[in-house]
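Here are the chains, one letter per residue:
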Amino acid sequence: MVVGKYWNKKIETMPVEELRKLQLQKLREQVKHCYEDSAFYRRKFDGVGLKPSDIRTLDDLKKIPFTIKSDLKDNYPFGMVAGKTDQIVELHASSGTTGNPIVGSYNKNDMDVWQELVARCIYTVGGRSQDIIHIAYGYGLFTGGLGLHYGAQKIGAKIVPASGGMTQRQIKLMKDLGTTIVACTPSFMVYLAETMMQEGIDPRKDLKLKKGIFGAEPWSDKIRERIEKETGIEAYDIYGLTELCGPGVSVECEEHHGLHVWEDHFIVETINPDTGEVLPPGSEGELVFTTLTKTCMPMLRYRTRDISRIETSKCKCGRTHRRLARITGRSDDMLIIRGVNIFPQQIERVLMSFPQVGRNYVIIIEGLDDMTIKVELAAAGFDGQVEHLAALQNQLIEKLKAETWVRPKVDLLPAGSLPVAEGKAKRVIDKRSL
Ligand SMILES: [Zn+2]
């Protein structure tokens, strides 16, 4: 029975010691399953002379070799499935820019687990059966649309499966149907807010929208502030990836102080991305996940390439599951410019701290590591005085240089001149590799 603020009070507020015991028990079962039913994991274990019985404590997890993205590509499409492929009831895939896509295979158990996890996330955000949830993540192979859909279904909410695109119609639907929660990428929400403004729709008065569930791309607190300021809604971060199930791995609670990882289903570690060394909680590093309950395509120590840190302090919401600080970058997205590591999110933070600047921008790297940032001005960001524009440009360059240690070129463009992202935004164009 679901009452009060927790979807599953017993699990969500379980004393940490009990939670660790539960994790160990599930880990041992999972390791046994992987060794017995997955040729891939058996090879990995045998390669380092490891037996399932060697995993006696949670600390023994670090004896298990990492699983990496190229393992999934190399074993495309079904080589990572533990057991027979007959068990598969659904498939999803994330687009790789090169080579084989990453395919996620789900059996009946995994679908139930996924639905349960997303339901827990939506409930944590405050979603209830009386809510109308507008899902503007892409439906299809991408896990965002259907993942949120399954979770909302379990809660019993009214679902509007809008998918991506057709922005004006989406806004009309939200208005006419009385949508209370929207789920989409943060960049699409920014675009929705902008379009509402242009259409003369005041989200505070004309819509019943209260909350937004945003994920599938890293975003900064500055974008959050903007979304909240422009629409009056409360923005929540949700995290997941196809390799682990899709959305549902972790989510923010009402404290907005990190994303609770559902530790009865996942073990999270942070490692030094260069050496693979496990870092103590609180240190920033690459996130590594072990799935404890997925059985069709289990992942042991999967390296996500996402950079974050584990927050262990007690959360005021009462949940005992540890939190991830917001993802500061994806190490795949990391740019190396003149020997300096730069994450696009650092640039976004600087840009969004200037109210004169709009939300749409693109980072172009070309030639010998020359970085140009093309950014739109806010609709009311230019007062017609050219000297103000030049001053803004200089301020941006100085602040970007202080943040990234690289002096970029900045092109200020009129609002609406850059292409608009209706799915995941493409923020970086690296012409060096072309
Ligand atoms: Zn919390």
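The notes below deal with the structure included here. (Residues numbered from 1 in each chain as written. Predicted model: local features only at pLDDT ≥ 70, side-chain atom pairs only at ≥ 80, totals over all residues. Heavy atoms only, no water.)

### Re the sheet that holds strand β19 (residues 370–377)
For the record, the criterion: Here, strands pair whenever DSSP counts at least two bridges between them. To qualify as a helix, a DSSP run of H or I must reach at least 4 residues; to qualify as a strand, a run of E must reach at least 2; elements of each kind are numbered from the N terminus. As a rule, the C-alpha atoms of each element are fitted with a line to give its axis, helices using only the stretch in contact, and angles between N-to-C directions run from 0 to 180 degrees.
Pairing is mixed across the open sheet formed by four strands, whose spatial order is β20-β19-β18-β21. Whereas interior strands pair on both sides, the edge strands pair on one side only; in this sheet they are β20 (409–413) and β21 (428–430). Taken pair by pair, the neighbouring strands of this sheet meet at an average axis angle of 20°, ignoring direction. Strand direction decides the pairing type here: β19 and β20, joined by five bridges, are parallel. When the sheet's bridge partners are listed, glutamate 376 is paired in β20 with leucine 413.

### Describing the pattern of salt bridges
For clarity, the cut-off: The term salt bridge refers to a side-chain nitrogen of Lys or Arg lying within 4 Å of a carboxyl oxygen of Asp or Glu. For every residue, the accessible area (1.4 Å probe, protein chains only) is compared with the maximum for its type, and the residue is labelled buried under 20%, exposed over 50%, or partly exposed between those bounds.
One pass over the structure, following the stated rule, counts 31 salt bridges. Two residues, arginine 349 and glutamate 403, come together in a salt bridge whose shortest N-O distance is 3.5 Å. Pair noted here: arginine 349 is in helix α11 (residues 344–352) and glutamate 403 is in helix α12 (residues 386–404), with a separation of 54 residues, a long-range link. Classification of arginine 349 by relative accessible area gives partly exposed; the value is 37%. Since its relative accessible area comes to 30%, glutamate 403 is described here as partly exposed. Connected via shared salt-bridge partners are Asp221, Arg224, Asp237, Glu252 and Arg326.

### Overview of empty space enclosed by the protein
What counts, and what does not: Using protein atoms alone on a 1 Å grid, points that fit a 1.4 Å probe yet trap it form a cavity, whereas open point sets bounded by protein on both sides within 12 Å along at least five of seven lines form a pocket; residues with an atom within 4 Å of a point count as lining. Grid points are joined across faces, edges and corners, and a volume is the space filled by probe spheres set on the points. In this classification, Asp, Glu, Lys and Arg are treated as charged, Ala, Val, Leu, Ile, Met, Phe, Trp, Tyr, Cys and Pro as nonpolar, and every other residue, Gly included, as polar.
Enumeration over the complete set of coordinates arrives at one cavity of 30 Å³ or more. In this structure, the largest cavity encloses a volume near 40 Å³. Around the largest cavity, the lining residues are Leu72, Asn75, Tyr76, Pro77, Met80, Pro101, Val103 and Met297. Across the lining of the largest cavity, the residue classes tally to seven nonpolar, one polar and no charged.

Structural measurements only, silent on function.
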